[in-house]
Each structure stands twice: as structure tokens, then as C-alpha cells.
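This is what each chain is made of:
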Amino acid sequence: MSISESLRNIAIIAHVDHGKTTLVDAMLKQSHVFRSNEQVAERVMDSGDLERERGITILSKNTSIMYKGIKINVVDTPGHADFGGEVERVLNMVDGVLLLVDAFEGPMPQTKYVLRKALEQKLKPIVVINKIDRPDQRVDDVYDEILELFMELGADDDQLDFPVIYATARAGIAKYEMADESDNLEPLMETIIKEIPAPHGEAEGPLQMMVTTLDADEYVGRVAVGRIIRGSIKPNQSVVVINGDQESKARVGKVFVYQGLKRVEVAEAGLGEIVALTGLGEISIGYTVADAESPEALPTINIDEPTLSMTFGVNTSPFAGREGQFVTSRHLRDRLFKEVETNVSLRVEETDTADTFQVSGRGELHISILIETMRREGYELQIGKPEVVYKTINGQRCEPLENLTIEVPQEYMGTVMESLGTRKAELSNMTEVSGYMRMEFVIPARGLIGFRSEMLTNTKGNGIMNHVFHGYVPYKGDIPGRARGSLVAFEQGETTGYGIYTLQDRGTMFISPNQAVYEGMIVGENSRETDIDINPCKKKNVSNMRTSSSDEAIRLVPPRILSLEQALEYINKDELVEVTPQCVRLRKTVLDRTARGRERKNTSK
């Protein structure tokens, strides 16, 4: 067995917003990856537009830093439960993890999820308690909570003996003890070198490498990223690509390794190195790249199943094709199946109709990020109501459960609990943290659809919620849906201020004046349970009669503008969300109001 002493592979895992990407920033800066006069963006690893806008990591990314002659390959992972598939597959590339925990919030649902995955793979953990400069930090309590979490997850003796580093990632400071003086991350780097095992294996054996990430390059095509488990690899080397029982011969193009934020071409890469290979053709995640003479497959990557699905269809509204570049079923099909190649926790299935596809993912955010990406690329599509993915286990219909954690000021606790009660949630734990009540529930995944916006309304924006997959249980019974109906336009045209003014007593409007609408488009929420057909395009009659009120200024209530996620949460089964590069519109599945009335009568019989 050989040991690559000059190499360490580590992943940074944590709950969302606990400071993973900020810590990677600080590590890169202190290892002098950037020139002294170089302009560096904050959260440099979040390179995607959506990642920068939302302040979250969506895709796992690789970088490396040098410290005292030792190369440390660092993988930055997402913190949202919806992108858990990204975390699961990259843990195959590393020997240890940095578990980041907020010094105030402590372990959260996703902390538990990612730590369980790391412990299952027998990875060495280093705990970093971050944001110790917060005035409300509670470091000692958080340490106790972390220890309890390790014990709850069945960590072995070696994993329970985890080192702890105290850090302020934003300032680039790490300490062994809270009382220590420090102005850099040296204690953290020393701990990584000392505690994380160096890669070991057969350096001279036949090649084995697992593909864990795919990248695309417009010049060289698909780039396969993974870790060399055994042997070494060179450019132009003959290899065999193994996918289950299928084997195909290939020749490696170029071999790249990571240096800072760049990929650098090398003449050879050895045991334990994380490499990017070109020239392997139609390779995918989970494939093994093996020696041409004695090919051996590695165990495949197991990814948790999707829990939520939506239908993606070709846009069939009267405004179809006005704003988008890609509008046909062929465009939509090609784009969705291309996404599956790199998005391992996504599933795409064809349906009975050629222009509709069933897309399943980890949650609303997971699928809505795909929709948002597609609309920015110029696609037009229509999305159906989110539905949970049911399973039949031992002859019983089972549904997915989620662990839900909510933090709210005490005065809103009652309304939140009342709202969750109707959604079949069960309270499992309640603690007080600095004036906020932290409540933990187990709730059916379908009970969370539409809950986020309702909670923000009930708590006046003061509530924080996080959830993570718990498991499957027998179906828990019906959950009441949306309590209010829709206001539906019954003719095509342009809205007028007068038309909206005469209707705003009926409910909440989603539109403003001078906006194009069509028959069957949802323009507002009714204040009652039923749908109402209305005409927001109505013009004021011009006459020579004057009244005292005729010339009064029209006062319009500002419309409620729904984001993509809010629109997906809002719709009912007979409604769709129309998504184009410029607009998110709500519409009825059946646009014609006469046909809709007939359908309603038939279902009520």
C-alpha cells in the first residue's frame, strides 16, 4: 500500500448559510492563490448567476490550496437539502470533512443530513464552529449539541474524538481555543494536515477512477471529474469506461488537476489526486474509468430518491412563442435529458403525450432552480402543480416525510402551530434560543407545498424554516388545499386601470394596468372559495354627463407579484404556471371558460 503524503482531500459540509463558501474564500486568499492587486469577488466559488443572486451554493465545486508543501484539494458543497445529491456524490472523492456549524444556530436539519452521509462513509470529521464573533454566540451550548448529534448518528470512537476549531470565516481567523489570539487560518490548516488521512492505495496497480462530476467545455466536449482510487493516469492512455455490465474502450485526451481556481494540464496524475479528463466521449456520473488491460469496476454511487415531481410541458398559451427562443417539444426533451446527465438526483420520464414530461427532484427549490435556468436560456414551458412521489412498501401506499425546523418569535408560535396542525405535522421538539422558539416537526412532504409563503405572512416575515428528508411512512390522509379561488380573465386584451379598480374589491390582484392578458389567465386571488371570471380590460364609458365623482383619481392597490417558487406553491391541480424568459404567468389548464364550466359540472356529478 502506498500513501500520498503530499496530498489531502477534504469536503466542506454544513447547513445553508453557515459560511462554507466564505471559509473557502479565506483559505484561498491566505494561500496566496490571488495576486496582491487582484480584484476578487466575494464568495468566489459561487460562480453561477443564480448562486450569486440568491447567496446559496447550488453546484459542488473543486479548488486546491498549497500549505507547507502539501496540496489540499477542497470541495465546496451546497447547504440546501434540495441539492443533497451534489453532497452525496462528492463525498466519494474525499478522506475527511470540515463540518461547519454556526456559533448561534447550532446543528440544523441539513447539518444532521450531511454528517450522517459522511459518517456512513467513515470519513474523518473536523468540526469548525464558525461566526464566533457574533454577539449572540453560544459556543459551549453548540459544542454540546454537536456532540449529542454525533452520538445520535452512531459515530464510532474515532469519529467521536473529533478536533474542534473556532473560526470567523469572514475575517479569516481560526483558533484552537476561544481565548487564543489569532489573525489567520493557520490552526485550521495545521489541523487538516494532522487529522485528515492522506490518500492510500496501490500506486502501481491498474487504474481505477470513479466519475463523480461532469463539466462541459465548448472546445473539448464533456469533462469527467473524479478521484484516482488506484494507479495513475496520463494523456493519450488507453482506458476502459465501465457502466454496469457495459464496457467501452476510450482514449484519455488531456489530464488536468486543480491549482487554486484553475485547471492545470499535467503529464501524469497519481493515486488520490482529483483529476479532470477530456476525450472520454459520452461518459456519465457513476461510471468507472479503468485500466485497459485489467478493467475492474468500482461500486456505483447510491443517491437518495426524488420526493417531489412536476409536469413540464410545451407552452400552449395564446402568447406562446412571443418571448422564448426554444418552444418545441424536441427542444424541451433534449434540454431535460441533458440536465439528467449532470444533475444526479433529478429524474425525467416521458408521459403519454409527446409534449409533456414528468420531472422529479428533491424539492421545490431543486426543480425551480432548473426552471429558472431554462427560462434564462430562452426556453418557454408550462409547469403543473408539484406532487409528492408516492411509493408502495409492503403493499401499503407510502408518502415521504420531512423533518421541519421553524424559528419564530414567541408571539407567532400559536398561529404557526395551528397552521401546521391542519397539514398533519407532529411536534417532536421545542427549545427557546435567544427569544426565538425553535420548533421541530415531522410533516408529510405535501404539507410543505405552499407553506413557506403562508408562514411568512403569519409571522410578518420573522419566521425561518428549514427541512430535510426523513423517510417514507403510510399515507396520512387528506390535507386541505388552497382555501381561496382564482380571479380568471375571460377575454384577451390589455388591462386598464379602470378595469382593475372596479374589480379589486373581489380579492388580491396579480396584474397592473397596460398588461397583456388572455382568456383563462389567472389575474388575481378571489376572497372566496370559488373561481370567478372577470374582465380587467374593461374601459370607462365616455359620455357628456358629468358627476361629482367621475373625475376622481383612481386609487389602485399595488398588485401581489409572485416569484417562480410562490407561483408553483400557489396553483391548484387544474392550473399551470407559464414560464417564459420575460414573464411568469398563472393560467387555467383549460383556457375556454365554457369548456371549463362543462368540466366542472361533469366532475361534480
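Our structure is the block above this text.
Every value quoted in this text rests on a predicted model; they were computed, and no experiment measured them.

*Asks:* Before we move on, could you go through the overall build of the protein chain and cite the residues and values that matter?
*Replies:* Helix and strand content of the protein chain: 14 helices and 35 strands. Within the span of the protein chain, comprising 605 residues, buried residues form 52% of the whole. Of the contacts made within the protein chain by residues no fewer than 6 positions apart, 71% connect residues no fewer than 24 positions apart. Per element, the accessible surface of the protein chain, about 28300 Å² overall, is 46% carbon and sulfur.

*Asks:* Which residues make up the packing of helix H8 (residues 329-342) against helix H9 (residues 364-376), and what values go with them?
*Replies:* The interhelical angle for the contact between H8 and H9, taken along N-to-C directions, is 130°, at an axis separation of 12 Å. In terms of orientation, H8 and H9 fall into the oblique class. Where H8 crosses over H9, the handedness of that crossing is right-handed. Residues Leu-332, Arg-335, Leu-336 and Glu-339 of H8 lie in contact with H9, whose contacting residues are Leu-370, Thr-373 and Met-374. When the residues that make up the contact of H8 with H9 are grouped by side-chain class, the tally is four nonpolar, one polar and two charged.

*Asks:* Could you give me a rundown of a nonpolar patch on the surface, with the residues and numbers involved?
*Replies:* On the surface, Tyr-501, Ile-554 and Leu-556 cluster together into a nonpolar patch covering about 250 Å² of accessible area. Examined against the element boundaries, Tyr-501 turns out to sit in helix H12 (residues 497-503).

*Asks:* A description of unusual backbone geometry should follow, citing residues and the corresponding values.
*Replies:* For Asn-236, which is not glycine, the phi dihedral falls at a positive 65°. Topologically, Asn-236 is positioned in the loop between strand E11 (221-230) and strand E12 (238-243). By relative accessible area, Asn-236 is classed as exposed at 52%. Even without a glycine there, the phi angle at Lys-424 is positive, about 65°. Positionally, Lys-424 belongs in the loop between helix H10 (413-421) and strand E25 (426-433). For Lys-424, a relative accessible area of 31% corresponds to the partly exposed category.

*Asks:* Describe the pattern of salt bridges, naming the residues involved and giving the relevant values.
*Replies:* Counted according to the given criterion, the structure contains 29 salt bridges. A salt bridge links Glu-190 to Lys-68, with the shortest nitrogen-to-oxygen separation between them at 2.5 Å. On the criterion of sequence distance, the pair formed by Glu-190 in helix H7 (residues 186-195) and Lys-68 in the loop between strand E3 (61-67) and strand E4 (70-76) is long-range, its members being 122 residues apart. Overall, the relative accessible area of 26% leaves Glu-190 in the partly exposed class. Notably, a salt bridge pairs Asp-533 with Arg-596, separated by 2.8 Å at the nearest N-O pair. Residue Asp-533 is found in strand E33 (residues 532-534), and its partner Arg-596 is found in helix H14 (residues 593-604); the two are separated by 63 residues along the sequence. Through salt bridges that share partners, Asp-102, Lys-131, Arg-134 and Asp-136 make up one connected network.

*Asks:* Account for the environment of Thr-307, with residues named and values stated.
*Replies:* Checked against the element boundaries, Thr-307 lands in the loop between strand E17 (288-291) and strand E18 (308-313). In sequence terms Thr-307 and Glu-402 are 95 residues apart; their C-alpha atoms lie 9.8 Å from each other.

*Asks:* Pulling in residues and values, what's your account of the packing of aromatic side chains?
*Replies:* Taken as a whole, this structure holds six aromatic pairs when the rule is applied. Ring centres 6.1 Å apart and planes at 55° place the aromatic pair Tyr-143 and Phe-162 in the tilted group. Here Tyr-143 is found in helix H5 (residues 139-152), whereas its partner Phe-162 is found in the loop between helix H6 (157-160) and strand E7 (164-168), with 19 residues between them in sequence. Assessed through its relative accessible area of 29%, Tyr-143 is described here as partly exposed. An aromatic cluster is defined as three or more aromatic residues linked by ring pairs; in this entry it consists of Tyr-143, Phe-150 and Phe-162. A cation over an aromatic ring shows up here: Arg-397 above the ring of Tyr-390, its NZ or CZ 3.9 Å from the ring centre.

*Asks:* Account for the side chain of Arg-596, naming residues and giving values.
*Replies:* Judged by relative accessible area, Arg-596 falls into the buried class, the value being 8%. Not counting the four nearest positions on each side in its chain, Arg-596 is found in contact with Val-488, Gly-520, Asp-533, Lys-588, Val-590 and Leu-591.

*Asks:* If you had to explain the nonpolar core to someone new, which residues and values would you point to?
*Replies:* Of all hydrophobic cores here, the largest spans 37 residues; its most connected members are Leu-91, Val-127, Ile-129, Ile-146 and Phe-150. Listed in part, the 32 residues of the second largest apolar core include Met-310, Leu-346, Val-359 and Ile-371.

*Asks:* With reference to specific residues and values, describe the side chain of Asn-315.
*Replies:* Its location among the elements puts Asn-315 in the loop between E18 and H8. Within polar-contact distance, the side chain of Asn-315 engages the side chain of Glu-380 at 2.9 Å. In terms of polar contacts, Asn-315 uses its side chain to reach the side chain of Glu-578, at 3.1 Å. Sequence-distant contacts of Asn-315, defined by excluding residues within four places in its chain, comprise Ala-320, Glu-380, Leu-381, Gln-382, Glu-578 and Thr-580.

*Asks:* Run through H10, naming residues and quoting values.
*Replies:* An α-helix turns once every 3.6 residues. As a result, residues three or four positions apart point the same way. Every buried residue belonging to H10 is among Val-416, Ser-419 and Leu-420, and all of these are buried. One face of H10 carries all of its buried residues, which in axial projection span an arc of 95°. Packed against the buried residues of H10 are strand E24 (396-409), strand E26 (436-444) and helix H11 (451-458).

*Asks:* Tell me about the environment of Val-389, residues and numbers included.
*Replies:* Examined against the element boundaries, Val-389 turns out to sit in the loop between strand E22 (387-388) and strand E23 (391-393). We classify Val-389 as partly exposed; its relative accessible area is 24%. For the pair Val-389 and Leu-308, spaced 81 residues apart in sequence, the C-alpha to C-alpha distance is 5.4 Å.

*Asks:* Please set out a negative patch on the surface residue by residue, giving values where relevant.
*Replies:* A cluster of like negative charges, contributed by Asp-140, Asp-141, Asp-144 and Glu-148, occupies part of the molecular surface. Inspection of the secondary structure puts Asp-144 in helix H5.

*Asks:* Residues and numbers for the packing of H10 against H11, please.
*Replies:* With their axes 10 Å apart at the nearest point, H10 and H11 run at an angle of 155° to one another. Classified by the angle their axes make, H10 and H11 are roughly antiparallel. In the packing of H10 onto H11, the handedness of the crossing is right-handed. Judged by residue contacts, Thr-415, Val-416, Ser-419 and Leu-420 of H10 engage Phe-451, Glu-454, Met-455 and Asn-458 from H11. Its residues placed into classes, the contact of H10 with H11 shows four nonpolar, three polar and one charged.

Cut-off values and rules
- Residues numbered from 1 in each chain as written.
- Predicted model: local features only at pLDDT ≥ 70, side-chain atom pairs only at ≥ 80, totals over all residues.
- Heavy atoms only, no water.
- Helix = DSSP H or I, 4+ residues; strand = E, 2+ residues; numbered from the N terminus.
- Buried < 20%, exposed > 50% of the residue type's maximum accessible area, 1.4 Å probe, protein only.
- Contact = heavy atoms within 4.5 Å.
- Areas by Shrake-Rupley, 256 points an atom, 1.4 Å probe, with all protein chains shown as cover.
- Axes fitted to C-alpha atoms, helices over the stretch in contact; angles between N-to-C directions.
- Parallel < 35°, antiparallel > 145°, perpendicular 65-115°, else oblique.
- Left-handed = near helix turned anticlockwise from the far one by under 90°.
- Nonpolar A, V, L, I, M, F, W, Y, C, P; charged D, E, K, R; others polar.
- Patch = residues over 30% accessible without salt bridge, like charges linked within 9 Å, V, L, I, M, F, W, Y side chains within 5 Å.
- Salt bridge = Lys/Arg side-chain N within 4 Å of Asp/Glu carboxyl O.
- Phe/Tyr/Trp six-rings, centres within 6.5 Å; stacked < 30°, edge-to-face > 60°.
- Lys NZ or Arg CZ within 6 Å of the ring centre and 35° of its normal.
- Core = buried A, V, L, I, M, F, W, Y, C linked by side-chain atoms within 4.5 Å.
- Polar contact = N/O pair within 3.5 Å; in protein donor to acceptor, adjacent residues only side chain to side chain.
- Arc of directions from axis to C-beta.
- Lys, Arg positive; Asp, Glu negative; His and termini not counted.
- Charge placed at Lys NZ, Arg CZ, Asp CG, Glu CD.

Nothing here speaks to function; it is geometry throughout.
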